[in-house]
Each structure stands twice: as structure tokens, then as C-alpha cells.
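A look at the structure
One letter stands for each residue in the lines below.
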Amino acid sequence: MHILITGGAGFIGTHLTRRLLARGDTVSILDNLSTGNLDNIREFTGHPLYSFAIDTLDNPLVLDRLASQADAIFHLAAAVGVQLVVERPTETIETNVLGTHAVLRAARRYRCRTIIASTSEVYGKGIKIPFSEEDDLLLGSSARSRWSYAASKLLDEFLGLAAYREFGLPVTIVRFFNTVGPGQTGRYGMVVPRFVRQAIHGEPITVYGDGEQSRCFCHVQDTVRALEFLLDRPDSTVGEIYNIGTNHEVTINELAHEVIARSASSSSLRHVPYSEAYAPGFEDMRRRVPDITKIRQAVGWQPSRTLNEILDDVITYERQRLDSVAVA
Ligand SMILES: NC(=O)c1ccc[n+]([C@@H]2O[C@H](COP(=O)([O-])OP(=O)(O)OC[C@H]3O[C@@H](n4cnc5c(N)ncnc54)[C@H](O)[C@@H]3O)[C@@H](O)[C@H]2O)c1
């Protein structure tokens, strides 16, 4: 199969590219390197089944050419990361909404199977735990720019499902919960790589708020396996929304202590108010737990890696990265 991955030089896109190439698919990626980078994709250079275009989603000629060659599109490109979203809300809204609109237009021309990345953020301040795909969604006020990420992704979902219903485009929506693993950048507020880097350097681990908010962390390789299952089963999964994540819940304080223990670090915790970390009035969710019954029943997927395995992988990766920087 020939597959186009938008955002293919990003964190999830790189792992997905590796997996699809390994099973013999042809992969093209489109990425503007805004949060992705060339180091992520260097290993694929010269692979006979791989090509990449450094360009943005709003170049219609490039998008059209890539879609015309593709059987399927994974649309992962987006403005990602709470920090980026708070700092540059206009870019977030435009990239996510207009970018998805452009991808769907191109997909419609060539009838591409399209899988669109959404996020657990769309559940917003929902209190019914775990979150399942049919739940009502409770977003905060538009006066708080952090909700622009969730709102823009929600509009992406509506656009994708509308293309399915109106034009029969085979679209599937995936709502990723916290996805972590080797290669994720800590620059845009992603908690696991940030904690691991702080621990390795023996710096204080900066925990936002009281640290009693909880999250569920899924290994990116489990996530990519879910995407592969969905790609291979269009018959039963088009027109549907699926949560992808684990339901093993951990507080951010527990996560920080686990990172310290597994990296044998001497770091301690430093709690930082949200208003200092992001912006005055920043709202966070206390809990975010996915119900993954739907994807399990549809394609037989469930995550297999534990939090300790995830942390060990990230610690090993970050240590190797540090060593290679030191050598260079
Ligand atoms: N990682 C997570 O925990 C998580 C959670 C929920 C949702 N998601 C979603 O999954 C997708 C992938 O996330 P990720 O963690 O790999 O993030 P990432 O930032 O590593 O990847 C996004 C990629 O999109 C590219 N990009 C951004 N704007 C672009 C544009 N206009 N044109 C072309 N390329 C552009 C970036 O350069 C980057 O390589 C995103 O849609 C994100 O919203 C991720």
C-alpha cells in the first residue's frame, strides 16, 4: 500500500513510518519541520520505499500530488503541545482546521482512506471517567486560549465525519491520549521527556500544579500498532471514532518519583503553579482515562507495554542522545 503521512517527521509519525516501511508499505511524508525535525527521519534516507516533502499543508499543489499517489493518508500534522497552543493560538487554529480541510479536499479527489489524529483534549473538563467516544464533551470558555487546541481538533473530527457521511470518504478518527516513548521532544511541555531530562541532569523535576492530576501514558509503539490495525480493517472502522491509550492511571507526582527511581537520579520535586508555567487562569484536567472497549472490540487492539517499560525506553533514549551530543 502507498501511504502518505502528514506530520511524518514528528514523534508519532516517525514511529509509524518505521513500522509501515518494515512491513513493505511505500511511505511518503509531508512535514514543515515546525515541531518535527530532520534528525527524526534521517534513518529513512535512501530507503527505496520512502520519500519526503518538506512543505506545509497549505501548499495545494504538493498535497495534491502526494494524495494522488496514496491509497491511504494518516493526517498527523498539527500544532501540538499545550505550551505552543497557549503561546500561539492563531497558528494552532489555522494549522489544525485549515490543514485538515486541505487534506480532506485532496483525499476526496483521489478517494484515499483517511485516518485523522484527534486528541483526548476534546473531552475537556468531562467528569465521567473513563471517557468513551459517545460521551458529551465539556470544553472551557473561548476566553481561555488553551481550549483552542481541543476546539480545533473537534472541528477536524466534524469535518472528517462529514466527508464520510456526505461523500462516502473512508475516514476514521483516532483520539490519542498521552502518547510517549523514545524520540518525543520535551520542548513543548511534554511531561515525560521533560522529567527524564531533568532527572538525568540531576535538576529539580518541575511539576505543574499540586501534581495530584493524573494521566495514562501509552507507549508510542502500542499506539502505532493500533493505527496499523485500523488501517488494515477499513470495512468495520470507517465513519468511527476510537480512543487510543492505556487505562493505567498515574498521578504526575507518582510519575516524577518513578522517573527519579528508574534513572537513579538525585533530583527532587519542585511544584510550579500553572499560572507561572503557562498563563494566568490556565485550566487543567484532573483525570484523563480512556475507555478502550470500542477499539478492542473492533480490531482486537489493546496496549501491551507498562509504564516502567516506557520510562526505561525514554531514559535509555535520552542518555544515548546526550552521549551523541557530547561526542559531536
Ligand atoms: N503525542 C501525544 O501525546 C498526542 C496526544 C493527542 C493527540 N496527538 C496528535 O497526534 C498527532 C501527532 O502528534 P505528535 O506527538 O507526533 O506531535 P509532533 O509535533 O511531533 O508532530 C506533528 C508534526 O506535524 C508537523 N506539522 C505541523 N504543522 C504542519 C503544517 N502546517 N504542515 C506540515 N507539517 C506540519 C510538525 O513539524 C511535526 O513534525 C498530532 O495531530 C497531535 O495533535 C498527539
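So, here's what we can say about the structure. (Residues numbered from 1 in each chain as written. Predicted model: local features only at pLDDT ≥ 70, side-chain atom pairs only at ≥ 80, totals over all residues.)

1. A look at unusual backbone geometry
- Backbone torsion omega between isoleucine 129 and proline 130 reads -5°, so that peptide bond is classified as cis.
- Along the chain, proline 130 falls in the loop between strand 5 (113–119) and helix 6 (147–167).
- One non-glycine residue, leucine 33, lies in the positive phi region at around 60°.
- As for its position among the elements, leucine 33 is in the loop between strand 2 (26–31) and helix 2 (38–41).
- Given 14 C-beta atoms within a 10 Å radius, leucine 33 is considered partly exposed.
- Phi at alanine 264 is positive, roughly 50°, even though this residue is not glycine.
- Among the structural elements, alanine 264 can be located in the loop between helix 10 (252–262) and strand 13 (269–272). (Helix = DSSP H or I, 4+ residues; strand = E, 2+ residues; numbered from the N terminus. Buried ≥ 20, exposed ≤ 12 C-beta atoms within 10 Å, placed from the backbone.)

2. Some words on the site of the ligand
- Around the ligand sit 28 residues, and of these Gly7, Gly10, Thr35, Gly36 and Ala78 come closest.
- Of all the secondary structure elements, the ones that give two or more residues to the shell around the ligand are helix 1 (11–22), strand 2, helix 5 (89–110) and strand 5.
- The greatest single-element share of the shell around the ligand, amounting to three residues, is contributed by helix 1.
- In terms of residue class, the shell around the ligand is made up of 13 nonpolar, 14 polar and one charged. (Near = placed C-beta within 6 Å. Nonpolar A, V, L, I, M, F, W, Y, C, P; charged D, E, K, R; others polar.)

3. Some thoughts on the nonpolar core
- With 84 residues, the main nonpolar core has Ala67, Val174, Phe195, Leu227 and Val259 as its most contacted residues.
- Apart from residues no more than four positions distant in its own chain, valine 174 is found in contact with Ile115, Ala117, Ser118, Leu227, Leu230, Tyr242 and Ile244. (Core = buried A, V, L, I, M, F, W, Y, C linked by C-beta atoms within 7 Å. Contact = placed C-beta atoms within 7 Å.)

4. Side note on the environment of methionine 1
- One can find methionine 1 in the segment before strand 1 (2–6).
- For methionine 1, a count of 14 C-beta atoms within 10 Å gives the class partly exposed.
- For the pair methionine 1 and asparagine 96, spaced 95 residues apart in the sequence, the C-alpha separation amounts to 26 Å.
- Each residue touching methionine 1, except ones within four places of it in the same chain, is listed here: Asp25, Asp71 and Ala72.

5. Here's the deal with the packing of helix 3 (residues 60–69) against helix 5
- Contact geometry of helix 3 with helix 5 gives a least axis separation of 9 Å together with a crossing angle of 40°. Looking at the two axes, helix 3 sits oblique to helix 5. In the crossing of helix 3 with helix 5, the sense of the turn from one axis to the other is right-handed. Contacts from Pro60, Leu63, Asp64, Ala67 and Ser68 in helix 3 reach Ala102, Val103, Ala106, Ala107, Arg109 and Tyr110 in helix 5.
- Partitioning the contact of helix 3 with helix 5 into residue classes produces eight nonpolar, one polar and two charged. (Axes fitted to C-alpha atoms, helices over the stretch in contact; angles between N-to-C directions. Parallel < 35°, antiparallel > 145°, perpendicular 65-115°, else oblique. Left-handed = near helix turned anticlockwise from the far one by under 90°.)

6. Here we look at helix 10
- Among all positions of helix 10, only Ile252, Leu255, Ala256, Val259 and Ile260 are buried. Across the axial projection of helix 10, the buried residues extend over an arc of 135°, all falling on one side.
- Alanine 264 lies just past helix 10 and shows a positive phi near 50°. (Arc of directions from axis to C-beta.)

7. Section: the sheet that holds strand 1
- Pairing within the open sheet is parallel, and its seven strands lie in the order 3-2-1-4-5-6-11. Each edge of the open sheet is held by one strand with a lone partner, namely strand 3 (50–54) and strand 11 (241–244). Averaged over all adjacent pairs, the angle separating strand axes in this sheet is 20°, with direction ignored.
- With five bridges joining them, strand 2 and strand 3 adopt parallel strand pairing. For leucine 30, the partnering residue across the bridge sits in strand 3 and is alanine 53.
- Where helix 5 meets the sheet, it contacts strand 1, strand 4 (72–75) and strand 5, and its direction lies at approximately 175° from that of strand 4. (Pairing = 2+ DSSP bridges.)

8. Some remarks on the environment of leucine 159
- With respect to the helices, strands and loops of the structure, leucine 159 is situated in helix 6.
- Expressed as a C-alpha distance, the spacing of leucine 159 and arginine 175, which sit 16 residues apart in the sequence, is 15 Å.
- The contact partners of leucine 159, leaving out residues within four places of it in the chain, are Thr100, His101 and Leu104.

9. Things to note about helix 3
- Regarding helix 3, the residues found buried are Leu63, Leu66 and Ala67. End-on, the buried residues of helix 3 take up no more than an arc of 100°, which puts them together on one face. Looking at helix 3, the residues exposed on the side facing more than 90 degrees away from the buried face are Leu61 and Ser68.
- Where the residues of helix 3 are buried, they touch strand 1, strand 2, strand 3, strand 4 and helix 5.

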